[in-house]
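Chains, contacts and geometry: an overview
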Amino acid sequence: MNVLRTAGVVAAHDLSRELRRPVAASAVLLFGVCSLVVLRLALAGGGKPSSAVLAGALWVVLVFAGLLGTSRAWGAEREDGAYDALLVSPASRSAIHVGKVLAALVTTLVLDAALLGLYLALFDSPDAAGLALLAAAIVLAAGGFAAVGVLVSGLGLRARGRDLLGPTMFLPLAIPLVIAAVTLSLVAFDAGTGNATQLLLFLIAYDATFLVAGIAAFPELATD
Amino acid sequence: MSPRLAVVLALVLVPLTVVLAFFWAPTNEIGLVGGEMQYDFAQKVFYIHVPIALAAYLCFAAGAWNGVLYLLKERDDYDVRSYCGVHSGMVFGTLVLLTGSIWAKAAWGTWWQWGDRQLLVFLTLYLFYAAYYVLRFSIDAGRARNRASAVYSILGVALVPLSFLAIRIADTLIHPIVLTTSENRLTGPMWGTFGIGVVAFASLAIVMLQLEAAGKLRAARGWCADEERPGGAADVDGPAAGSAEVPAHA
C-alpha cells in the first residue's frame, strides 16, 4: 500500500468517525461560538474597536479552536487501544501521520469556516479583496495548526497528563504562525503595512516545515 | 574545544569582557540636549546581552545535535548531553531576558516592551524550551522519554529561524538592530569587545554543558554500580554495568 493511499485511508477513517459521532468537533465549535459571543459583548462598550483589536480577537479564537481540535489527534486511539494495533500494522508510520494531519486539516477548515462566518456577522467585515486575503490566511493557518497539533499529540503519546501537555507545547510553536496571520489580517482590514505576498509565503513555509518535521519525527516517536 | 581550554577561556574572558565593555569600548553619542552631549550608556549592555543570547542558541543547538545523535545511535549519554544542552540554554535564556529587560529600561524607560516582537519571540522560545521539562518529566524514564525529548529538542531548530523570519517580515520592529550589512555602526574597539564577549560566553556555555553532563553521567554510573552490589536493590530492568542509563531525576 503506498503512502498516499495509506494516508487517505487513515484520514477517511478519522473523518468518518467524526461524522458518526462529532463529539470533539461540536465541542470545539461550541467553544468558538461562545468565545466570539463573549468577545462581542466584551467589546460592545467604548465605541468601535480598532482593526488591531478585531484581528486579535479573531485569532485568539482560531488559535484556541485549532489547539483544542488538533492536539488530541491520537486521543481516540489511545483510549480504545487502537494505537498499539496501528503500531504492529505494516502501514508506513509517516503515512499514518500524514493521514492524521489531513483529517485534522479538514476538521479545522470546516470549523474555521463556520467561526469566520459568525465573526463576520458579529464584527465588521473587510472589503472583498480583504476578505479573500483573510480567508487565505485562515486556510494556511489551519494547515499549520493541523501539522503542529498532530505532531504535539504524537510527542505526548506516552506522557502522563497529555491533555495539559498539548497546549504547553502547541502554543509556543504556533507563535510565528500567529504573528504572520495577525499581520496579514491587519493588511486585510487595511490597517497594516506588511507585505501580503511575503506573509503568505511564510505561512506556506511554516506549514511545510512542520509537516515535514512530523513525517520525520513520528516514526521515531511511535515505538513499542 | 578541549574542556581545559574552555575553562581557561571562560575564567579569563568573561571578567575581561565586563571590564572592556565598561572601561574601554567607546560610547555612542546620542546628540546634544540642553547644550550637553548625551551618551548611549544602554549600549554597554549590548556587549553582554548579545553574547549571552548567542551562548543560549549554542546550547540549544548542542541539545538538538545530541538529540539527532541519540536518535541515530540510541546511546543514553547523548540523551544526557541533549538534556544538558537545553538546560544550559535555559540558564543563558534567563540571563538574556534579564539583561534584555535592563537594556529596555535604560533605552526605552520600561522593563518590558510588549510591542517589540523580538523580545516576545525570545520569550516564546524560552517558553518552548520550558515545555521541554514538562514533556520530559511526564514520561517514564526510558527509551520513549529519550526519543520524545530528542525530537522536541530538534524542533527548536525549526522554531528559531521561523520565529525570526516572522518578526522580520512583520512591520512593527523597534528592537535596535546593531548588526546590519547596510550600515556598520560598530567601531574597532566595539567589535573587539563584542568578539571577546562572544568567545567568553561561548566558552562558559561549553564548560557548563560539559560539567553538568559529566556529573550526570558519573551519577548514573554510580547508580548502576549500587544496583549491582550484593544486597543492593534488585532491579531486573536496570541497565547493564558501564552503560550510561540515566537515573529518573536526570
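This structure is a prediction, so every number in the text was calculated from the model and none was measured. (Residues numbered from 1 in each chain as written. Chains lettered and ligands numbered in written order. Predicted model: local features only at pLDDT ≥ 70, side-chain atom pairs only at ≥ 80, totals over all residues. Heavy atoms only, no water.)

**As for the overall build of chain A**
How we decide: What counts as a helix is a DSSP run of H or I of at least four residues, what counts as a strand is a run of E of at least two, and both are numbered from the N terminus. Three labels apply to residues, based on accessible area from a 1.4 Å probe with only protein chains included: buried if under 20% of the type maximum, exposed if over 50%, partly exposed otherwise in between. Any pair of residues with heavy atoms lying within 4.5 Å of one another is described as a contacting pair. Computed with a 1.4 Å probe, the accessible areas rest on the Shrake-Rupley method; for each residue, only the protein chains presented here act as cover.
The number of helices and strands found in chain A is 9 helices and 0 strands. Counted from the first residue to the last, chain A has its helices and strands arranged as α-α-α-α-α-α-α-α-α. Among the 224 residues that make up chain A, the fraction classed as buried is 47%. In chain A, 81% of the contacts between residues at least 6 apart in sequence involve partners at least 24 apart. Accessible surface for chain A amounts to roughly 9,600 Å². Of this, 69% is attributable to carbon and sulfur atoms.

**Let's talk about the environment of A:D207**
Its location among the elements puts A:D207 in helix α9 (residues 196-221). In this structure, the C-alpha to C-alpha distance between A:D207 and A:V148, residues 59 residues apart in sequence, is 8.4 Å.

**With respect to the side chain of A:T70**
Residue and element names in this part refer to chain A. How we decide: We call two N or O atoms a polar contact when they sit within 3.5 Å, provided that within protein one can donate a hydrogen and the other can accept it, with sequence-adjacent residues counted only if both atoms are side-chain atoms.
Residue position: T70 is located in helix α3 (residues 51-70). Reaching out from T70, the side chain makes a polar contact with the backbone oxygen of F145 at a distance of 3.4 Å. The contact partners of T70, leaving out residues within four places of it in the chain, are A104, T108, F145, A146, G149, V150, S153 and F170.

**Here's the deal with helix α5 (residues 143-169) of chain B**
Worth spelling out the cut-off: By definition here, a helix of n residues has an expected span of 1.5 Å times n minus one.
Counted at 1.5 Å a residue, the expected span for α5(B) with its 27 residues is 39 Å, and the 40 Å between its end C-alpha atoms agrees. For α5(B), the buried fraction is high: 19 of the 27 residues fall into the buried class.

**Thoughts on the interface of chain B and chain A**
Quick note on the threshold: By convention, the term buried area covers the 1.4 Å-probe accessible surface removed from two parts as they join, with the contributions of both added. Put simply, a salt bridge is a Lys or Arg side-chain nitrogen that is within 4 Å of an Asp or Glu carboxyl oxygen.
Listed as interface residues are 30 residues of chain B and, on the opposing side, 28 residues of chain A. Buried surface at the junction of chain B and chain A, both sides included, amounts to about 2,600 Å², of which 73% is carbon and sulfur. Three residues stand out in chain B for area buried against chain A, namely B:L155, B:L162 and B:I169, and they jointly supply 22% of the buried area on that side. Remark: the boundary between chain B and chain A carries 2 salt bridges. Among the ionic pairs, B:D140 bridges to A:R160, the shortest N-O distance being 2.4 Å.

**Comments concerning the environment of B:L120**
Residues and elements named next belong to chain B. Within the fold, L120 resides in helix α4 (residues 117-137). As a C-alpha pair, L120 and I167 span 47 residues in sequence and 9.6 Å in three-dimensional space. Every residue in contact with L120, bar those within four places of it in the chain, is listed here: W112 and W114.

**Quick notes on the nonpolar core**
For soluble globular proteins, the rule of thumb is that nonpolar side chains tend to be buried together. Basically, it comes down to this: We call a set of buried residues a nonpolar core when its members are Ala, Val, Leu, Ile, Met, Phe, Trp, Tyr or Cys and they connect through side-chain atoms within 4.5 Å of each other.
Ranked by internal contacts, the top residues of the largest apolar core, which has 102 residues, are A:W59, A:L155 and A:F210. Membership of the second largest hydrophobic core comes to 13 residues, among which are A:V101, A:A104, A:V150 and A:F218.

**Brief notes about the pattern of salt bridges**
In the structure shown here, the tally under the stated rule is 9 salt bridges over all chains. B:R81 is paired through a salt bridge with B:D77; the nearest N and O atoms lie 3.2 Å apart. Of this pair, B:R81 and B:D77 both sit in helix α3 (residues 76-108), 4 residues apart, which is roughly one turn of that helix. The partly exposed category is assigned to B:R81, whose relative accessible area is 30%. On the basis of relative accessible area, B:D77 is assigned to the buried category, the value being 11%. Counted as one network, the salt bridges with shared partners bring together A:E220, B:E74, B:R143 and B:R147.

**Concerning a nonpolar patch on the surface**
The test is simple: Every patch collects residues that have over 30% relative accessible area and no salt bridge, joining them within 9 Å if they carry like charges and within 5 Å if they are nonpolar side chains (Val, Leu, Ile, Met, Phe, Trp, Tyr).
Together, A:L29, A:V33, A:V37 and A:L41 make up an exposed nonpolar region whose accessible area comes to about 300 Å². If you trace the backbone, A:V33 turns up in helix α2 (residues 23-42).

**A look at the packing of aromatic side chains**
Under the convention used in this document: The criterion for an aromatic pair is that two Phe, Tyr or Trp rings (for Trp, the six-membered ring) have centres within 6.5 Å, with stacked assigned to planes under 30 degrees apart, edge-to-face to planes over 60 apart and tilted to the rest.
For the structure shown, the criterion picks out 17 aromatic pairs over all chains. Their ring planes at 35° and their centres at 5.1 Å tell us that A:Y119 and A:F123 sit as a pair that is tilted. Judged on exposure class, the residue A:Y119 and its partner A:F123 are both buried. Their ring planes at 40° and their centres at 6.3 Å tell us that B:Y132 and B:Y152 sit as a pair that is tilted. Here B:Y132 is found in helix α4, whereas its partner B:Y152 is found in helix α5, with 20 residues between them in sequence.

**As for the environment of A:P219**
Residue and element names in this part refer to chain A. Here P219 is to be found in helix α9. For P219, a relative accessible area of 29% puts it in the partly exposed group. Distance in space between the C-alpha atoms of P219 and S94 is 6.3 Å, their sequence separation being 125 residues.

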